[in-house]
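# Observations on the model geometry
Residue-level listing of the chains:
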Amino acid sequence: MMCLLPAAVVVICLTGTVVAVDYWDPADSEPQLNEYFDNEYIGTALQDLQDEYPDLVLRSSLGLTPDGIHEIWEVTITANVTHWRTHNRPGVKYIANMHGNEVRGRGLIMKLAFFLTLRYSVDNDVRSLLQSTVFHLVPSANPWGFATAEKKCSGTRGRFTSQGFDMNRDFPDHWESGTKIRFAGETTLLMKYAEKVPATLGLSFHDGALVANYPLDAHPDVRSNRYAASPDDALFTKLAKSYAAEHSEMSDTSRQCGSDNFVDGVTNGNSWYQVQNGMQDWDYFYNDCFELTIELGCCKYPTNSKETFTKVWEDNFESVFNFTSFVHTGIQGRVADFYGNPITGAEISVSGNNKSIKIRHEEGYYWRPLVPGVYNVTAKKEGYFTLSRRNIVVYSSDDSAATQVPFILMSKSQEDDTSGSPVVLQTNLMPLLLLLLLGQL
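## Describing the overall build of the chain
Secondary structure summary: the chain contains 10 helices and 19 strands in total. Look at the contacts in the chain between residues 6 or more apart in sequence, and 73% of them connect residues 24 or more apart. Total accessible area on the chain stands at roughly 17,900 Å², and carbon and sulfur atoms take up 49% of it.

Structure below.
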């Protein structure tokens, strides 16, 4: 899907079109991006981007932290952004700073926001990327924690929320049916946000190590420091290894922290240490978002901001865009009824994998990353006849974009919910012709 060329050119295949994203540091245009900016700057800078580029940038607030002082800001970036919910474009969701004293991700995400926006008009390949992908970015999920943190490589001051919660131990547990009595205010805001944003891929940026961490972080039948595989273990391994390989140092064992010894710069979460109620497992099981946790560096809060943010952008530039490209792999399609109406809530499953995904896109589109192979793909929803399409080939991401797998589902009712006219199945041949054209019969 993506390869690294000289002069830091990232080559991406998007829906069959190859684009190359050239390296550029947006701090050359906005020097404050190399400073330890506060939360007020995040809100103001993103608003300025929206004001100047209203067709690309849409800033919003997830809400206030429980202390009533800090907004958690989010920005959505894509072409024709005001209609992003109806575009046939997959989304990625990148979040940083849920531990307030882990700061590199703040700079990385803010630079990404500026890069995408400022390069859109001058770089045809960035334009192609934003015409096919939706970026959802949260630079600081725990702004109260950042405001109280101190410049130290270790320690916990600023790690927790204003209510004393560790956000990455604060999400519903899939294995306990989501049972939890109380969540931090910041966690609740992130969960509500995730419900509104049907992202296919996700990254959560942390500090304290240098590694790409992939699910599962916990499993009730697997003790800590043992491998806990998800149903998509091959895919997650590929995503993590790809991120680490494109990073300038992550896969180099000599650059790892302390006694860490991660092979290829990656680790299964539970194999490293068990994290119950973590965000990446929750996003995977509850939101169908295939998410990695990226540890960006050994020192959590370095003293030199310019050096830190310059390096984190240089180190992760290829990795972030490489990871983003995988949102255009696997299978994609739309689920609709015979009259073209989207069927939201339909479930997509593939043979050999017990993790299905549920369609949340308003127009019935879905995106399902998969490793190369041959699959039987099934679409179903209560009230409709289940339909399977067999022998769907997913090609190598180095050679091809996603395989298109659309579905037209037949309602079990003989009444057309849209027109109120009866559907005469015996004589209406148009649905059968549509199925034949799509290869569903």
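That covers the picture; the talk isn't over yet.
## So, the sheet that holds strand β16 (residues 373-380)
Strand order across the open sheet formed by 4 strands is β14-β13-β16-β17, with antiparallel pairing between neighbours. Lying at the two open borders of the sheet, with one neighbouring strand each, are β14 (357-358) and β17 (387-394). Bridging between strand β13 (residues 347-350) and β16 involves 4 bridges; their strand directions are antiparallel. In the strand pairing of β16, E347 is matched with K380.

## Details of helix α1 (residues 39-52)
With 14 residues, α1 extends 20 Å from end C-alpha to end C-alpha; this agrees with the ideal 20 Å at 1.5 Å per step. Taken residue by residue, α1 has N39, Y41, I42, G43, A45, L46, L49 and Q50 as its buried positions. Summarising the contacts, the buried residues of α1 are in contact with β4 (57-64), β5 (71-77), α2 (104-119) and α4 (143-148). Backbone nitrogen of E40 and a side-chain oxygen of the N-cap are separated by 3.3 Å at the start of α1; the cap is D38.

## Things to note about the packing of aromatic side chains
What the rule picks out here adds up to 24 aromatic pairs. Their ring planes at 55° and their centres at 6.2 Å tell us that Y94 and F323 sit as a pair that is tilted. Placement of Y94 in strand β6 (residues 91-96) and of F323 in helix α9 (residues 305-325) is noted, with a sequence separation of 229 residues between them. Both residues of the pair, Y94 and F323, count as buried. By way of ring pairs, the aromatic residues Y23, W24, F115, W313, F317 and F321 are connected into one cluster. Lying over the aromatic face of F146, R106 brings its terminal NZ or CZ to 3.5 Å of the ring centre. When the ring centre of F385 is taken as reference, the NZ or CZ atom of K412 above it lies at 5.9 Å.

## Here's the deal with the pattern of salt bridges
Oppositely charged side chains can form a pair if their charged atoms are brought close together. Going through the model one piece at a time under the given rule, you end up with 16 salt bridges. Where K241 meets D264, a salt bridge forms, and the shortest distance between an N and an O atom there is 3.9 Å. Placement of K241 in helix α6 (residues 233-246) and of D264 in the loop between α6 and β10 (266-268) is noted, with a sequence separation of 23 residues between them. Residue K241 is classed as partly exposed on the basis of its relative accessible area of 38%. Relative accessible area serves as the criterion here: at 40%, D264 is assigned to the partly exposed category. Note that D315 is salt-bridged to K311, the shortest N-O span being 3.1 Å.

## Considerations on the side chain of S230
Relative to the helices and strands, S230 is located in the loop between β9 (209-214) and α6. The exposure class assigned to S230 is buried, which follows from its relative accessible area of 8%.

## Remarks on a nonpolar patch on the surface
On the surface, V374, V393 and Y395 cluster together into a nonpolar patch covering about 280 Å² of accessible area. Within the fold, V374 resides in strand β16. A relative accessible area of 55% means that V374 is categorised as exposed.

## Some thoughts on the confidence of the model for the chain
Detailed reading of the predicted coordinates is not advisable wherever pLDDT is low. Averaged over all residues, the pLDDT of the chain is 90; the fraction at 70 or higher stands at 87%. Note on residues 1-13: pLDDT is under 50 here. Beyond four places in sequence and across chains, it has 55 contacts. Scored below 50 in pLDDT, residues 417-432 makes 14 contacts in the model with residues more than four places away or belonging to other chains.

## Concerning the environment of M279
On the secondary structure map, M279 appears in helix α8 (residues 279-287). Overall, M279 belongs to the buried group, its relative accessible area being 2%. Taking the C-alpha atoms as reference, M279 lies 8.1 Å from M167; in sequence the two are 112 residues apart. Contacts of M279, omitting those with residues within four sequence positions, involve I95, M98, N168, F171, L190, S204 and E291.

## Here we look at the state of the cysteines
Using the criterion set out here, one finds 2 disulfides in the structure. Two residues share a disulfide in this structure: C257 and C298, whose sulfurs sit 1.9 Å from each other. Its S-S torsion of about -85° marks the bond between C257 and C298 as left-handed, since a negative value means left-handed. With C257 in the loop between α6 and β10 and C298 in the loop between β11 (290-297) and α9, this residue pair connects regions lying 41 residues apart in the sequence. Here C257 falls in the buried class, since its relative accessible area comes to 10%. Each bonded cysteine in the chain gets a number by its place in the sequence, and the pairs come out as 1-4, 2-3.

Each value, and the rule that gives it
Residues numbered from 1 in each chain as written. Predicted model: local features only at pLDDT ≥ 70, side-chain atom pairs only at ≥ 80, totals over all residues. Heavy atoms only, no water. Helix = DSSP H or I, 4+ residues; strand = E, 2+ residues; numbered from the N terminus. Contact = heavy atoms within 4.5 Å. Areas by Shrake-Rupley, 256 points an atom, 1.4 Å probe, with all protein chains shown as cover. Pairing = 2+ DSSP bridges. Expected span 1.5 Å × (residues − 1). Buried < 20%, exposed > 50% of the residue type's maximum accessible area, 1.4 Å probe, protein only. Polar contact = N/O pair within 3.5 Å; in protein donor to acceptor, adjacent residues only side chain to side chain. Phe/Tyr/Trp six-rings, centres within 6.5 Å; stacked < 30°, edge-to-face > 60°. Lys NZ or Arg CZ within 6 Å of the ring centre and 35° of its normal. Salt bridge = Lys/Arg side-chain N within 4 Å of Asp/Glu carboxyl O. Patch = residues over 30% accessible without salt bridge, like charges linked within 9 Å, V, L, I, M, F, W, Y side chains within 5 Å. pLDDT = per-residue confidence, 0-100. Disulfide = S-S within 2.5 Å.

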